[in-house]
There are 2 protein chains.
Amino acid sequence: MILDRINSPKDIKGLSIQELETLASEIRNLLMHKMSISGGHFGPNLGVVEATIALHYVFNSPVDKIVFDVSHQSYTHKILTGRKDAYLNEEPKWDVSGFTQPRESEHDFFSVGHTSTSISLACGLARGRDLKGGKENIIAFIGDGSLSGGLAFEGLNVGGEMRKNLIVIVNDNDMAIAEPHGALTQYLRKLRDTKGEASDNYFKSLGYQYSYVEDGNDISSLIEAFNKVKNTPVPVVVHIRTVKGKGYTIAEDNREGWHFHAPFDIETGQKKGQGVGENYGFTVRDFLLKKMEKDPSICVITPAVPMSCGFNADIRQKLGNQFIDVGIAEEHAVTMAAGVAKNGGKPIVVSLSTFYQRAYDQILHDLCINKCPATLLIRNGSIWGDTDETHIGFFDIAMMSNIPNLVFLAPTNCEEYLAMLDWSIEQNEHPVAIRIPCNKLVHTDKPVEKDYSKLNKSSVTQKGEKVALFALGDFYQMGEEFATAIEEEFGFTPTVVNPRYITGVDSELLETLKKDHNLVITLEDGIIEGGYGQKIAAYYSTFTMRVVNLGLKKEFTDGIKAAQLLERNGLTKENIIDIIKTICF
Amino acid sequence: MILDRINSPKDIKGLSIQELETLASEIRNLLMHKMSISGGHFGPNLGVVEATIALHYVFNSPVDKIVFDVSHQSYTHKILTGRKDAYLNEEPKWDVSGFTQPRESEHDFFSVGHTSTSISLACGLARGRDLKGGKENIIAFIGDGSLSGGLAFEGLNVGGEMRKNLIVIVNDNDMAIAEPHGALTQYLRKLRDTKGEASDNYFKSLGYQYSYVEDGNDISSLIEAFNKVKNTPVPVVVHIRTVKGKGYTIAEDNREGWHFHAPFDIETGQKKGQGVGENYGFTVRDFLLKKMEKDPSICVITPAVPMSCGFNADIRQKLGNQFIDVGIAEEHAVTMAAGVAKNGGKPIVVSLSTFYQRAYDQILHDLCINKCPATLLIRNGSIWGDTDETHIGFFDIAMMSNIPNLVFLAPTNCEEYLAMLDWSIEQNEHPVAIRIPCNKLVHTDKPVEKDYSKLNKSSVTQKGEKVALFALGDFYQMGEEFATAIEEEFGFTPTVVNPRYITGVDSELLETLKKDHNLVITLEDGIIEGGYGQKIAAYYSTFTMRVVNLGLKKEFTDGIKAAQLLERNGLTKENIIDIIKTICF
């Protein structure tokens, strides 16, 4: 095995093309094997094995600096830069992050998980270099799907004006997570069809020299192209055509399904283990499909994550005008929704908590100042969602609950969620955000409220005394468990409240509680600071009521699972009992 | 006067070209006269008188829908759509908003003040139209300066794929507020130089039909161009070349100075009234210039608002590599700063509170996860800043103080501000944001702390008893006044605290206060919810300390002056006295 000898990029410098090709084959097999055990970003990584080898062959990392966009395609880079043991590990776990991570290696410059940042980061590295008189190459490696993000354009636009060394590798596999969207995608297709010769070159219009590599999985073509631009004194784009999932036919044939894949059987491609069964994503999709059939003014907008709510390719096709994937473009998704609402449509934006962070101003300025009745569905705003520090969904409560005019709802079960969604679609007064529960799907046989127009009205689900638990959204079931534990320990029945609204408190209820309660405990699935519980603490701040806010500490956690986060943040029965013992007795 | 007969767009439909030209001249004179009295966005409005007349002549507003980007150039539109009285008013005030405002007219679709939103909003209006089977024209009117914003690209990219009626008018006056930046600007220049014939057409690459109007201040050319694209079934760009400040030589010759202008003498162009004198913008600039001369690794980055800290054209030129205006591109500015910091530079980003809203994710994901030591200077985060609902700076505390790893500082006077800035530039551990005070510049002769590395350490500036006032940032002087009033009224000395850090509380101090205080009052120049005071309220929520949070209610206010906001939100001596009477006695 050539790979046995490779512990840093310098170990590949002396290899022949044939040896590099053998190495690529070894790495591809290793990646397939490891991901069949541990899962991972299959398609993106198999597509760029050769390009990554060529980059490290031509450039001198870490003096020359490579920034991987999103960085979910950096597995080969990690293997070549001293971290191959993580990929050789046969256990179903990962010893390295799925993204670049400066804590792991001097070859990783940023912890990155969001798309479209690489060119701007590279512009910054380049300017840093120029300020100190350096000469190194700065390389941004970005997929075609990421180019639709506004930040990628901003980076290209500024980089194109700097007239300094800046090498942008456009890794074009004609895919985002799903098929890519936007006019630029169509233009890239023209470039591929003409082997880079199509007129009206987008990259040239932005000041870049441009070259095209027809086979971006051919090491010698790549080395030749990279050598040509090495040490260039002006900004260049090298457009390479790669195959997502290259080398594994099943993945090449179903590129969306194999963007990320759970552990699988290599022979058959079948996923190991159980399917997910009933979940909120599919449930909401089926509900929406029925509504959309009856009401052609309803329109689902997603910034490149249609599958986050189960809108697969067939369904998307069928929905026609009523479904629009705007590509990776969260800002646009929200602002466009404001426009749809203003012209009589009923827009529903579907994305993830961590990605809505890119649309803060669009939510505030475009949607909420204008009070446009759009619905924002928020997935993975939870400790049960993604765990990578770049993808954790702990911040949306603090981010969105303090924006005026927004009605931010936290359903506690499936029926309530659908009722809130239904209300939101039918009303014309408010921009509404709904935090989709993220733990396992819960049904209720109790009736749920249909009308949420009386804002900030909480629901008392168990009337008790002394202690009131305000258990928000998908922490509601935890609140019920805590209530049972309290009753068992102390012999009294605490009050349990489903707050329902994150954007404000139910002052009438809070006043009532003053009579026969002396402790309120708030539970929320997000950071405490700036969140829901602090609104209650502030409400009672001039009264004798004691308030304990439970939720997450304001910190970036990386790879920490839900159970551990609950423990770490005192979200346990034991801690609740202790709190009550300390404060009430 | 033709203008006498114009009360709605239909009144101009029957006019001849010559009459339209006379009307343009009348409107231009009216605008000049009114802005000489009341101030306003001078250059942008004088540049588009003809284009606006031509739009309303050709299209049928409000059935056809025109969305003005930023909408600071909508004065002629307002005059033509029933609001001319506001411009005829000789008093030095404005009876209409300086931006489009749906509350004023059915011809205004959105309250807009941020740039680069128009194409996405138009895409939404177009999709709303298509969902209900409408046929109207949707027009986005966007300046060349706004095209550098990522959202404008995202809108173009999605609009170019929709293959439906969508008309984008690019109003090219070769300026942002200052000179425009980015490679696209250089490309637009090529297009102008070739009368639209340059190769590698940016707009065509994104799926648009393209046409060019050499004289965008010539009504008949504009009418011809607009008529050609009216009812187009595909997306089109009409690129018109206009002159910023057209018709007023002084403004044409100094386009940056006359983007916005205070009341002035029409004969001389001289500003009426006093200059601003010493202010924080100039002070920080002079401080930075000295530091930058000594340390070539310091680099100022601004997203198109260099003058917000007094970096005029001469200074920008002189700073060379150490100054970069990235164009209107807040996201890029912050992400690029992360890159500069990572490669040994010391980046300082200069922008306004309301515009940092567009970089929430870049601050969180690119800067703070990576703990890049960049400095963000925040102007106008204050009731003393802009008052338009689209520009109020009330949200940055809630937005930024809850982001992990960020050190968010609130200086209370000039010396402290410069000390904080100096510390931030010299340290290598933290991303730092500094909220530049926004009331009149205050000096202190007391020594100020030089080292802010001990995070969240507040400063007790007056040691007292019973009541502690935590007066944040530019509300500090108000805190001192309140303290004096308390002493006069009640005869005891309250404690006064300068919190200094917004991102966390000084728990040691808060513990100490428990001994001899029973009321803490927090004062902050921003909304209370999600803000600094609520962190203190939450800290004391299980103790007997009473906490009153004063600041702003969570709402969008429009055109409300500081004095009125203070009154409305109980930030008065009388209210403080009442609070203490109620709670302490």
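Remember, it's a predicted structure, so these values are computed and weren't measured experimentally.

Student: So, the overall build of chain A: which residues are in play, and what are the values?
Tutor: Counting its regular elements, chain A contains 23 helices and 16 strands. A compact globule built from 585 residues should have a C-alpha radius of gyration of about 25 Å, and chain A, at 26 Å, falls within 12% of that. By the burial criterion, 69% of the 585 residues in chain A qualify as buried. For chain A, the accessible surface area stands at approximately 19200 Å², while carbon and sulfur atoms represent 48% of it.

Student: Describe the sheet that holds strand β14 (residues 495–498) of chain B, naming the residues involved and giving the relevant values.
Tutor: Think of a sheet as strands paired side by side through backbone hydrogen bonds, with each pair either parallel or antiparallel. All names here are of chain B. Overall, mixed pairing links the five strands, which are arranged β12-β14-β13-β15-β16 in an open sheet. Edge positions in the sheet fall to β12 (459–462) and β16 (546–552), since each has one partner strand and no second. Shown here is a sheet whose adjacent strand axes are inclined to one another by a mean of 25°, direction ignored. Bridge count for strand β15 (residues 517–527) against β16 is six bridges, and the pairing is parallel. Opposite I527, over in β16, you have L552 as the bridge partner. Contacting β13 (466–471), β15 and β16, helix α23 (residues 573–584) runs over the sheet at an angle of about 145° to β15.

Student: Please set out the side chain of B:N343 residue by residue, giving values where relevant.
Tutor: With respect to the helices and strands, the residue B:N343 is situated in the loop between α14 (330–342) and β8 (346–352). Residue contacts for B:N343: discarding those within four places in its chain leaves A:K65, A:L125, A:G128, A:R129, A:K132, A:E136 and A:I138.

Student: How would you explain the relation of the copies chain A and chain B if you had to name every residue and give the values?
Tutor: Taken as rigid bodies, chain A and chain B are interconverted by a rotation of 180° and an axial shift of 0.0 Å, the fit giving an RMSD of 0.0 Å. Here the copies are linked by what is in effect a two-fold axis. Taken together, the interface assignments show that 100% of the residues at the interface of chain A recur at the interface of chain B, consistent with an identical surface on both copies.

Student: Outline the state of the cysteines, supporting the account with residue identities and numerical values.
Tutor: Tallied over the full model, the rule gives zero disulfides over all chains. Sulfur of A:C123: no disulfide; nearest cysteine sulfur belongs to B:C299 and is 12 Å away. Looking at B:C438, it has no disulfide partner, and the nearest cysteine sulfur is the one in B:C309, 11 Å off.

Student: Tell me about the interface of chain A and chain B, and name the residues and values.
Tutor: Taken together, the contacts link 114 residues of chain A with 114 residues of chain B. Taking both partners together, chain A and chain B bury about 8900 Å²; carbon and sulfur atoms supply 59% of that area. Considering only the side of chain A, the residues that lose the most area to chain B are A:L131, A:N343 and A:F556, jointly responsible for 8% of the buried surface there. Taken together, chain A and chain B are joined by two salt bridges. For A:K535, the salt bridge is made with B:E529, and the minimal N-O distance between the two is 2.7 Å. For the pair chain A and chain B, the interface holds 46 residue pairs in polar contact (both at pLDDT 80 or more).

Student: So, helix α4 (residues 75–83) of chain B: which residues are in play, and what are the values?
Tutor: Burial runs high along α4(B): eight of the nine residues are buried. Taken together, the buried residues of α4(B) touch α1 (17–38), α2 (42–47), α3 (49–58), β1 (65–68) and α5 (85–88) of chain B.

Student: Which residues make up the packing of α1(B) against helix α10 (residues 219–229) of chain B, and what are the values?
Tutor: All names here are of chain B. In contact at an axis separation of 10 Å, α1 and α10 are set at 115° when each is read in the N-to-C sense. Here α10 runs roughly perpendicular to α1, going by the angle between their axes. Only I219, S220 and I223 of α10 make contact with α1, whose side of the interface consists of I17, L20, E21 and A24.

Student: Describe in detail the environment of A:E179, supporting the description with residues and values.
Tutor: All names here are of chain A. As for its placement among the helices and strands, E179 is situated in the loop between β3 (166–172) and α8 (183–193). Between the C-alpha atoms of E179 and G327, which are 148 residues apart in sequence, the distance is 8.6 Å. Among the polar contacts made by the side chain of E179, one reaches the side chain of H181 at a distance of 2.8 Å. Among the polar contacts listed, one links the side chain of E179 to the side chain of R316, at a separation of 2.6 Å.

Student: Before we move on, could you go through unusual backbone geometry and cite the residues and values that matter?
Tutor: In this model, A:S61 is joined to A:P62 through a cis peptide bond whose omega is 10°. Even without glycine at this site, A:R500 takes up a positive phi of about 65°. Mapping A:R500 onto the fold places it in the loop between β14 (495–498) and α20 (507–516). A:R500 gets classed as buried once you look at its relative accessible area, which sits at 9%. Of note, B:D174 is a non-glycine position whose phi angle comes to about 60°, a positive value. If you trace the backbone, B:D174 turns up in the loop between β3 (166–172) and α8 (183–193). Using a relative accessible area of 18% as the deciding quantity, one classes B:D174 as buried.

Student: Residues and numbers for the confidence of the model for chain A, please.
Tutor: Residues of chain A with pLDDT of at least 70 account for 99%, and the chain-wide mean is 96. For this predicted complex, the interface score ipTM comes out at 0.98, alongside a pTM of 0.98.

Student: Tell me what's going on with the packing of aromatic side chains, and back it up with residues and numbers.
Tutor: Given two aromatic rings, their pairing is described by the distance between the two centres and the angle made by the two planes. All names here are of chain B. Counted by the stated rule, this structure contains 49 aromatic pairs over all chains. Considering the side-chain rings of Y75 and Y87, the 5.7 Å spacing of their centres and the 50° angle between planes classify their relative orientation as tilted. One end of the pair, Y75, is in helix α4; the other, Y87, is in helix α5, with 12 residues separating them in the sequence. In this structure Y87 comes out as buried when scored by relative accessible area, which is 2%. Consider the rings of F311 and F323, whose centres lie 5.2 Å apart with planes at 40°: the pair is tilted. Taken together, the positions of F311 in the loop between β6 (298–302) and α13 (313–319) and F323 in strand β7 (residues 323–325) put the pair 12 residues apart, joining distant regions of the chain.

Student: Requested: an account of the sheet that holds strand β7 (residues 323–325) of chain A, with residues and values cited.
Tutor: All names here are of chain A. Here six strands make up an open sheet; going across it, the order is β7-β6-β8-β9-β11-β10 and the pairing parallel. Of all strands in the sheet, those with a lone pairing partner are β7 and β10 (407–409), marking the two edges. Looking at each pair of strands side by side, their axes are set apart by 20° on average, direction ignored. As paired strands, strand β9 (residues 375–379) and strand β11 (residues 432–435) are joined by four bridges and run parallel to one another. When the bridges of β11 are listed, I378 appears paired with R435. Contacting β6 (298–302), β8 (346–352) and β9, helix α12 (residues 280–294) runs over the sheet at an angle of about 145° to β6. Along the sheet, helix α14 (residues 330–342) makes contact with β6, β7, β8 and β9, crossing β8 at roughly 165°.

Student: Give a detailed account of the nonpolar core, specifying residues and quantitative values.
Tutor: A:Y202, A:F203, A:I521, B:Y202, B:F203 and B:I521 are the most contacted members of the largest nonpolar core, which has 234 residues in total. Apart from residues lying up to four places away in sequence, B:I521 is in contact with B:V467, B:A468, B:L469, B:F470, B:V548, B:L550, B:I576, B:I579 and B:I580.

Student: So what's going on with helix α4 (residues 75–83) of chain A? Which residues, and what values?
Tutor: Considered for burial, the residues of α4(A) that qualify are A:Y75, A:T76, A:H77, A:K78, A:I79, A:L80, A:T81 and A:R83. Close packing links the buried residues of α4(A) with α1 (17–38), α2 (42–47), α3 (49–58), β1 (65–68) and α5 (85–88) of chain A.

Student: Quick rundown of the environment of A:F482? Include the residues and the values.
Tutor: Residue and element names in this part refer to chain A. Tracing the sequence through the fold places F482 in helix α19 (residues 476–490). A relative accessible area of 3% means that F482 is categorised as buried. Sequence spacing of F482 and G533 is 51 residues, and the spatial spacing of their C-alpha atoms is 17 Å. Not counting residues within four places of it along the chain, the set of residues in contact with F482 comprises L469, L523, L571, T572, K573 and I576.

Student: How would you sum up the pairing of β16(B)? Please name residues and give values.
Tutor: Buried residues dominate β16(B), accounting for seven of its seven residues. With helix α21 (residues 532–539) of chain B bridging β15(B) and the parallel β16(B), this β-α-β connection has right-handed handedness.

Student: So what's going on with the packing of helix α12 (residues 280–294) of chain B against helix α18 (residues 414–426) of chain B? Which residues, and what values?
Tutor: For any two helices packed against each other, the geometry comes down to the angle between their axes and how far apart the axes lie. Residues and elements named next belong to chain B. The contact between α12 and α18 brings their axes to 11 Å, and the two run at 40°. Classed by the angle they form, the pair α12 and α18 counts as oblique. Relative to α18, the crossing made by α12 is right-handed. In this structure, α12 uses Y280, T283, V284, F287, L288 and K291 to contact α18, whose residues at the interface are C414, Y417, L418, L421, D422, I425 and E426.

Student: Describe the pattern of salt bridges, and please don't skip the residues or the numbers.
Tutor: Where charged atoms of side chains with opposite charge meet at close range, the side chains can pair. All names here are of chain A. According to the stated counting rule, one finds 64 salt bridges over all chains in the structure shown. Between E330 and R358 there is a salt bridge; the shortest N-O distance is 2.9 Å. Separated by 28 residues along the polypeptide, E330 in helix α14 and R358 in the loop between α15 (353–356) and α16 (360–368) bring together distant segments of the chain. Here the two residues E330 and R358 agree in accessibility, since each one is buried.

Student: So what's going on with the environment of B:V349? Residues and values would help.
Tutor: Assignment of secondary structure puts B:V349 in strand β8. In the structure, B:V349 is positioned 12 residues away from B:A337 in sequence and 7.2 Å away in space, judged by C-alpha atoms.

Rules and cut-offs
- Residues numbered from 1 in each chain as written.
- Chains lettered and ligands numbered in written order.
- Predicted model: local features only at pLDDT ≥ 70, side-chain atom pairs only at ≥ 80, totals over all residues.
- Heavy atoms only, no water.
- Helix = DSSP H or I, 4+ residues; strand = E, 2+ residues; numbered from the N terminus.
- Rg over C-alpha atoms; globule rule 2.2 N^0.38 Å.
- Buried < 20%, exposed > 50% of the residue type's maximum accessible area, 1.4 Å probe, protein only.
- Areas by Shrake-Rupley, 256 points an atom, 1.4 Å probe, with all protein chains shown as cover.
- Pairing = 2+ DSSP bridges.
- Axes fitted to C-alpha atoms, helices over the stretch in contact; angles between N-to-C directions.
- Contact = heavy atoms within 4.5 Å.
- Least-squares fit on C-alpha atoms with pLDDT ≥ 70 in both.
- Disulfide = S-S within 2.5 Å.
- Buried area = accessible area lost by both parts, 1.4 Å probe.
- Salt bridge = Lys/Arg side-chain N within 4 Å of Asp/Glu carboxyl O.
- Polar contact = N/O pair within 3.5 Å; in protein donor to acceptor, adjacent residues only side chain to side chain.
- Parallel < 35°, antiparallel > 145°, perpendicular 65-115°, else oblique.
- pLDDT = per-residue confidence, 0-100.
- Phe/Tyr/Trp six-rings, centres within 6.5 Å; stacked < 30°, edge-to-face > 60°.
- Core = buried A, V, L, I, M, F, W, Y, C linked by side-chain atoms within 4.5 Å.
- Right-handed = clockwise from strand over helix to strand, strands pointing away.
- Left-handed = near helix turned anticlockwise from the far one by under 90°.

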